[in-house]
Amino acid sequence: MKFSINIGVGFLLSFLVATPVLKAQEETGNEAVKNDRYVCVTTVNQMVRCGYFIEDDGREITLNTPELGLVIIPKADVISMADAAEGTLSQSMNPVSARASKSILDPNRSPQSSRYFFAPSALPMKRGEGYAHVNWLSANVTNQVSDNFMLGGALSWVGFGATIKASARLGDNVYGSIGGMALLGFYGNGPTFFPYINLTSGDHNSHFSVALAALTFDGEVSPMINFSACKEINPRLWLITENYYFADPMLFSEQVLLSFGARWWSSTKNSLGEFALMLMITEDGEALPIPWFGRTWPF
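Structural notes, computed from the coordinates. Because the structure is a prediction, the values reported are computed rather than measured.

Reading the values: rules and limits
Residues numbered from 1 in each chain as written. Predicted model: local features only at pLDDT ≥ 70, side-chain atom pairs only at ≥ 80, totals over all residues. Heavy atoms only, no water. Salt bridge = Lys/Arg side-chain N within 4 Å of Asp/Glu carboxyl O. Helix = DSSP H or I, 4+ residues; strand = E, 2+ residues; numbered from the N terminus. Buried < 20%, exposed > 50% of the residue type's maximum accessible area, 1.4 Å probe, protein only. Pairing = 2+ DSSP bridges. Axes fitted to C-alpha atoms, helices over the stretch in contact; angles between N-to-C directions. Disulfide = S-S within 2.5 Å. Core = buried A, V, L, I, M, F, W, Y, C linked by side-chain atoms within 4.5 Å. Contact = heavy atoms within 4.5 Å. Polar contact = N/O pair within 3.5 Å; in protein donor to acceptor, adjacent residues only side chain to side chain. Patch = residues over 30% accessible without salt bridge, like charges linked within 9 Å, V, L, I, M, F, W, Y side chains within 5 Å. Areas by Shrake-Rupley, 256 points an atom, 1.4 Å probe, with all protein chains shown as cover.

### Comments concerning the pattern of salt bridges
Opposite charge on two side chains lets them pair, provided their charged atoms get close.
Part 1: Here the structure, examined in full by the defined rule, presents six salt bridges.
Part 2: As a salt-bridge pair, Asp56 and Lys75 come within 3.1 Å of each other at their nearest N and O atoms. One end of the pair, Asp56, is in strand β2 (residues 47–56); the other, Lys75, is in the loop between β4 (69–74) and β5 (78–83), and 19 residues separate them in sequence.
Part 3: By relative accessible area, Asp56 is classed as partly exposed at 34%.
Part 4: If you follow the salt bridges from partner to partner, you end up with Arg115, Arg263 and Glu274 in one network.

### Focus: the pairing of strand β7 (residues 130–135)
Part 1: Relative to strand β8 (residues 138–144), β7 runs antiparallel, the two sharing five bridges. In the strand pairing of β8, Val134 is matched with Ala139.
Part 2: In this antiparallel pair of consecutive strands, β7 and β8, the connection spans two residues.
Part 3: Both β7 and strand β18 (residues 287–298) contribute to a ladder of five bridges, which runs antiparallel. Bridged to Val134 within β18 is Arg295.

### So, the sheet that holds β7
Sheet strands line up and pair through hydrogen bonds in the backbone, either parallel or antiparallel.
Part 1: Taken in spatial order, the twelve strands of this closed barrel run β7-β8-β9-β10-β11-β12-β13-β14-β15-β16-β17-β18, and their pairing is antiparallel. In this sheet, neighbouring strand axes are inclined to one another by 20 degrees on average, regardless of whether the strands run parallel or antiparallel.
Part 2: Note: strand β16 (residues 254–266) against strand β17 (residues 271–282), twelve bridges, orientation antiparallel. By the bridge assignment for β17, Trp264 is matched with Gly273.

### With respect to the state of the cysteines
Joining two cysteines, a disulfide is a covalent bond between their sulfur atoms.
Part 1: Per the stated rule, a full pass over the model turns up one disulfide.
Part 2: Put simply, Cys40 and Cys50 are joined by a disulfide, and their sulfur atoms are 2.0 Å apart. Handedness here is read from the sign of the S-S torsion; for Cys40 and Cys50, about 110 degrees, the answer is right-handed. One end of the pair, Cys40, is in strand β1 (residues 38–43); the other, Cys50, is in strand β2, and ten residues separate them in sequence.
Part 3: Assessed through its relative accessible area of 1%, Cys40 is described here as buried.

### Here we look at the nonpolar core
Part 1: Among the nonpolar cores identified, the biggest contains 25 residues, and Phe194, Met224, Tyr244 and Leu257 are the most heavily contacted of them.
Part 2: Contributions of two or more residues to this core are made by β11 (174–185), β12 (192–202), β13 (207–217), β14 (220–234), β15 (237–246), β16 and β17.
Part 3: Not counting residues up to four positions away in its chain, the partners in contact with Met224 are Phe194, Ala211, Leu212, Ala213, Leu215, Tyr244, Tyr245 and Phe246.
Part 4: Of all hydrophobic cores here, the second largest spans seven residues; its members include Val41, Phe53, Leu63 and Ile73.

### Quick look at the side chain of Thr241
Part 1: Here Thr241 is to be found in strand β15.
Part 2: The class of Thr241 is buried, set by a relative accessible area of 18%.
Part 3: In terms of polar contacts, Thr241 uses its side chain to reach the side chain of Asn243, at 3.0 Å.
Part 4: Within the structure, Thr241 has its side chain in polar contact with the backbone oxygen of Ser259 (distance 2.8 Å).

### A closer look at unusual backbone geometry
The phi torsion of most residues other than glycine is negative, and most of the peptide bonds are trans.
Part 1: If you check the backbone angles, Asn173 has positive phi at about 60 degrees while not being a glycine.
Part 2: Within the secondary structure layout, Asn173 lies in the loop between β10 (159–171) and β11.
Part 3: Residue Asn173 is classed as partly exposed on the basis of its relative accessible area, which comes to 43%.

### Topic: a nonpolar patch on the surface
Part 1: Together, Trp136, Leu137, Trp157, Trp264, Phe275 and Phe293 make up an exposed nonpolar region whose accessible area comes to about 620 Å².
Part 2: Note on placement: Phe293 falls in strand β18.
Part 3: Owing to a relative accessible area of 48%, Phe293 belongs among the partly exposed residues under this scheme.

### Considering the side chain of Thr43
Part 1: Here Thr43 shows up in strand β1.
Part 2: Ignoring sequence-local partners within four residues, the contact set of Thr43 consists of Ile73, Asp77, Val78 and Ile79.

The following block contains the structure:
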């Protein structure tokens, strides 16, 4: 009888102790489920883990990832943590794609805002950043050598040479730049010059630019006006339009060139892809559709 009473008392005490513990665990679990903050954590081994933020206890960060479920990351291995679009997947970074991946996780910067398809914006990159770009007309490698100065090399079917751009912040989300491209001609052609001055309004994700430029090719000069714009759709996709009016058509009797397309980030290729449909309207009113393909590797 005494033995039975002791068992009963022990069971009752165990129940009373376990109940608040279970309740606390239940509340903690519910809190974790309700936490809707989605983040990406970059680690020293060049890995980006993305998921719902669960806990930071000072030593470790716990995420609920879509691929692996709960993942615990030692804080000593963490380089940065940033809010990200819900559903962003974890990925491994190599040195070439590291800057682009971090930019995608940064809601204030895209991995490529210094130009549209071909036309430059007035926006600078950060010092030391750069990119390599190829399209069916040309290729170039560009680097931001100082806070306001950009320098690059260019190659096209008409020649090879250099590009330059000097940018300045003129106000809140307003930038101006002056620059150009100079190429030594192939096939006995004279040099090609493309000086410009432009104004850009907006941030590094969504912006528009107006530019005055002049294309000088083989001794002929064609002044032009350019309007370009970029609109962020999500952290990996941007819509772009780039348009020109030529005061003195030169190469193909082009009077107006209109284009609309997109730029997107490819995690599998660690680069930005570009596609656009360009419409060239000649002096005679003829409209010629031209596809545009390009790829950019930020570094």
